[in-house]
Amino acid sequence: MTKRAARRRREGSGEAPQSLPALSTLTDLPAFDELTASQRQRGAFADACERVGVDGTVGCETDLVLGCVVRLDRGFPAVACAGGVFRAEFSARLTKGRSGDGGSRVAVGDWVCARRPLAHDMGLIEEVLPRESDIARWRGGARGERQTLAANVDVVLVVQQLGERPVSCERIARSAVIARDCGARVAVVLTKADRASDEVLARDVACVREILGDSCALALTSSAQREKERRRVRDRSGELGVAWGADAVRALVPAGVVAIVLGESGAGKSTLLNALVGRDVLETGSVRVADDAGRHTTVARRMVSLPGAGVVVDEPGLRSLPLVGHERGLSQVFPEISEAARTCRFRDCTHLHEPGCAVRAQHEEGVVSDERLACYLALAAEMRKSASTLDPDVVI
Ligand SMILES: Nc1nc2c(ncn2[C@@H]2O[C@H](COP(=O)(O)OP(=O)(O)OP(=O)(O)O)[C@@H](O)[C@H]2O)c(=O)[nH]1
Ligand SMILES: [Mg+2]
Ligand SMILES: [Zn+2]
């Protein structure tokens, strides 16, 4: 039997695969009352109950519950409802005509109408309720697909590590564009501040501010234990006027808010979340000495509940974040440049050499810095290219 066939069989059997972690051991999952379905989602749940009730499952002794997907392990969701957390599979009506990949049908943060398990290990997801928003990225090339990383997210924490190499402001801007395109707020968290000299800290903070502006929330963190090192970074953050430490990040995710960490493998996302939770609930892994890259330690997508604050989704690190049709996000991260671009003489102006270019004129007036313009031009050019090479059938 192929791996996929084995999974399909398991998915239909009401049993969890052996290797999934037992939910009873996961004490940091958010409780139902830490998550808030929107009015629209509650209404959709009521409608779904009516629909499902007349859809051949009448007489089923299990109740329909409103739940939120708080974890995905290789496609298997864990759902939090008022009565607790349970693993769930998809009802036949949801799987009909869909691909065999259970994971693509829901994302962490999705609200669902589900049947709680009684006799089985598994509950049953009857309907996925409409999303208020989703954080998605494009996976693959021209024939790729849109991959939802998490649904109904309020805040994206763009995580990047400090060190000898300069932070990648282009990558930070790219992440911000994706987040804003999905309607989420953006905050930047620069980790491993202990590895950065005073000069590097000043340089990298200035770079982020240059690209994203002073109004973008920015925090510096470090997991270093040595008091001397911590004091140095804390004092330096104060001098630079940047929020410092786990408390600063916690303040970005107050109670009732759902956030997600977005960053490359090895950036220190899970380490940061462990610091916020106050215990080592997430696995962390070392980075390669040669290139400072991580080893893709985190494999599950999961929510963790921060004591006294909101909920954060931990994610596997993402190497590529291609921009495909993220015009709305681009114009929100670079509003003044996008506005000028609308008045260029040519609609498809690349802002490089065309006559009557309002973007270059704006730059010459000194309104926009070289770095900010270069970043905008690179991202806009990438989007133009992806729009022209993608199969129109798969563009969302
Ligand atoms: N010096 C230093 N090392 C850190 C800090 N935070 C994390 N690290 C180290 O960086 C490595 C990667 O950390 P993780 O938290 O596993 O990184 P991640 O972003 O979750 O990586 P993936 O799960 O692979 O996406 C580990 O060896 C951590 O100990 C920090 O503040 N300072
Ligand atoms: Mg991790
Ligand atoms: Zn132009």
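The structure this text deals with has already been given above.
Right, let's walk through the structure included here. Source: prediction; values computed, not measured. (Residues numbered from 1 in each chain as written. Chains lettered and ligands numbered in written order. Predicted model: local features only at pLDDT ≥ 70, side-chain atom pairs only at ≥ 80, totals over all residues. Heavy atoms only, no water.)

### Regarding the overall build of the chain
Scanning the chain from N- to C-terminus turns up twelve helices and 14 strands. Within the chain, buried positions represent 53% of all 396 residues. By sequence separation, contacts in the chain at least 24 residues apart represent 70% of the contacts at least 6 residues apart. Carbon and sulfur atoms form 49% of the exposed surface of the chain, whose accessible area is close to 18,900 Å². (Helix = DSSP H or I, 4+ residues; strand = E, 2+ residues; numbered from the N terminus. Buried < 20%, exposed > 50% of the residue type's maximum accessible area, 1.4 Å probe, protein only. Contact = heavy atoms within 4.5 Å. Areas by Shrake-Rupley, 256 points an atom, 1.4 Å probe, with all protein chains shown as cover.)

### Structural notes on the state of the cysteines
Applying the stated criterion across every chain, the model contains one disulfide. In this model, Cys169 is linked to Cys207 through a disulfide, with the two sulfur atoms separated by 1.7 Å. Remark: Cys207 occurs in helix α5 (residues 198-212) and Cys169 occurs in helix α4 (residues 169-181); sequence separation between them is 38 residues. The exposure class of Cys169 is buried, given its relative accessible area of 9%. Cys207 gets classed as partly exposed once you look at its relative accessible area, which sits at 24%. (Disulfide = S-S within 2.5 Å.)

### Thoughts on the site of ligand 1
Close contacts around ligand 1 come from 22 residues, with Ser223, Ser265, Lys269, Thr271 and Thr298 the closest. Here an oxygen atom of ligand 1 and a side-chain polar atom of Lys192 are 2.9 Å apart. Note that an oxygen atom of ligand 1 is positioned 2.6 Å from one of the backbone N or O atoms of Ser223. For ligand 1, whose free accessible area comes to 660 Å², the fraction covered by protein is 85%. Split by residue class, the shell around ligand 1 holds three nonpolar, 14 polar and five charged. (Near = heavy atom within 4 Å. Polar contact = N/O pair within 3.5 Å; in protein donor to acceptor, adjacent residues only side chain to side chain. Nonpolar A, V, L, I, M, F, W, Y, C, P; charged D, E, K, R; others polar.)

### Here's the deal with the pattern of salt bridges
Where charged atoms from two side chains of opposite charge come close, those side chains can pair. Summed over all chains, the structure comprises 19 salt bridges. With a closest N to O distance of 3.1 Å, Glu132 and Arg40 form a salt bridge. Taken together, the positions of Glu132 in the loop between β5 (122-128) and β6 (134-139) and Arg40 in helix α2 (residues 39-53) put the pair 92 residues apart, joining distant regions of the chain. With relative accessibility at 42%, the residue Glu132 sits in the partly exposed group. We note a salt bridge from Asp247 to Arg250, for which the minimum N-O separation is 2.5 Å. Pair noted here: Asp247 and Arg250 are both in helix α7 (residues 245-252), with a separation of three residues, about one helical turn. Its relative accessible area of 22% is what places Arg250 among the partly exposed residues. (Salt bridge = Lys/Arg side-chain N within 4 Å of Asp/Glu carboxyl O.)

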